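As a plain string of letters, each chain reads:
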Amino acid sequence: MAMMFGKGIFITMLAVFVSALVCSCGADKASLTAERGAEVAYDPEKLERDLEGAPEIQALIAIRDDMAALAIARNVTADEIRATALNASLSNGLLGFTEADAQAVANRIDELIESLYDRFPALSEAEARSAPECEVCDLESIASSWEHLSKTLAVGLAEQGRLADEAPAKGKLVCKMTQLVLGMGLCAAKSGANVLFYSICSYGVFCGACDGGVADVICP
């Protein structure tokens, strides 16, 4: 009888332990699921804040400015852009680039875009939700933009090599960062290895996503 009683206690305690273990594992699993859900949840405001300090964006802007400054220094005209835009080799030749030179720049642009998407997976969600279109990516928009930009950029890029974040008597530059990044990604995809096309296209994206500061100076 004593042995049966002791065996009964053991079985009861084992059942309690297993039950507690199952509950604990369930709670841990639920907690982990909740944490993972929080990680992948799309938070557009957080994405905007995260992108503000991304060095890849500054690098993409620097490439944009470098290509534009080179085009200005070489007196590239809108008519030349119209004549060569559909041929990357001829267009890059306006900047004095060999195919290898241009491909190296194009590869760097692609690497920076890919890095942004890798570091900020929410960008893919933002792209899927907004289905952005590149209104400034067609040939005539590019050429017309250059007619304006080649004049407004000439002074700032010639003096500094980079455009200041703020301009005299203008408010602080404020950009919709997600829109800016998605747009630059589209410019990269549309331009292929045509680096001048990328530069002018990305200025168009910048003007659509930003207000104040230098945007008020260079944008139409």
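In short, a report on the structure.

The rules we used
- Residues numbered from 1 in each chain as written.
- Predicted model: local features only at pLDDT ≥ 70, side-chain atom pairs only at ≥ 80, totals over all residues.
- Heavy atoms only, no water.
- Helix = DSSP H or I, 4+ residues; strand = E, 2+ residues; numbered from the N terminus.
- Buried < 20%, exposed > 50% of the residue type's maximum accessible area, 1.4 Å probe, protein only.
- Contact = heavy atoms within 4.5 Å.
- Areas by Shrake-Rupley, 256 points an atom, 1.4 Å probe, with all protein chains shown as cover.
- Core = buried A, V, L, I, M, F, W, Y, C linked by side-chain atoms within 4.5 Å.
- Salt bridge = Lys/Arg side-chain N within 4 Å of Asp/Glu carboxyl O.
- Expected span 1.5 Å × (residues − 1).
- Disulfide = S-S within 2.5 Å.

### Remarks on the overall build of the protein chain
For the protein chain, the count of helices and strands is 11 helices and two strands. Of the regular secondary structure in the protein chain, the N- to C-terminal order runs α-α-α-α-α-α-α-α-β-α-α-β-α. Classification of the 220 residues of the protein chain by burial places 37% in the buried group. Nonlocal contacts in the protein chain, meaning residues at least 24 apart in sequence, comprise 81% of its contacts between residues at least 6 apart. Only carbon and sulfur atoms are counted for the fraction: they give 59% of the accessible area of the protein chain, which is about 12,600 Å².

### A word on the nonpolar core
In a soluble, globular protein the nonpolar side chains are often hidden away together inside. The biggest cluster of nonpolar side chains holds 57 residues, and the ones touching the most others in it are Leu51, Ile57, Leu116, Leu123, Trp146 and Phe206. If you list the elements that add at least two residues to this core, you get α2 (44–52), α3 (55–73), α6 (99–119), α7 (122–130), α8 (139–160), α9 (177–191), α10 (195–209) and α11 (213–218). Per-element accounting of this core gives the leading share, 10 residues, to α10. In contact with Leu123, other than residues within four places in its own chain, are Leu47, Leu51, Leu116, Tyr117, Thr178, Val181 and Leu182.

### Comments concerning the pattern of salt bridges
Applying the stated criterion across every chain, the model contains eight salt bridges. Among the ionic pairs, Lys46 bridges to Asp50, the shortest N-O distance being 2.8 Å. Placement of both Lys46 and Asp50 in helix α2 is noted, with a separation of four residues, approximately one turn of the helix. The salt bridge involving Asp65 is made with Arg64; its shortest N-O contact spans 3.0 Å. Here the residues in one salt-bridge network are Asp79, Arg82, Glu140 and Glu147, joined through shared partners.

### Some words on α6
If you check α6, its first and last C-alpha atoms are 30 Å apart, about what 21 residues at 1.5 Å a residue would give, namely 30 Å. Where α6 is buried, its residues contact α2, α3, α5 (88–93), α7, α9 and α10.

### With respect to the state of the cysteines
One pass over the structure, following the stated rule, counts three disulfides. One disulfide in the model links Cys175 with Cys210; its S-S distance is 2.0 Å. An S-S torsion of about 110° defines the bridge between Cys175 and Cys210 as right-handed. You can see Cys175 sitting in strand β1 (residues 174–175) and its partner Cys210 sitting in strand β2 (residues 210–211), a full 35 residues away along the chain. Assessed through its relative accessible area of 18%, Cys175 is described here as buried. Judged by relative accessible area, which is 2%, Cys210 ranks as buried. The disulfide that involves Cys187 links it to Cys201, with 2.0 Å between the sulfurs.

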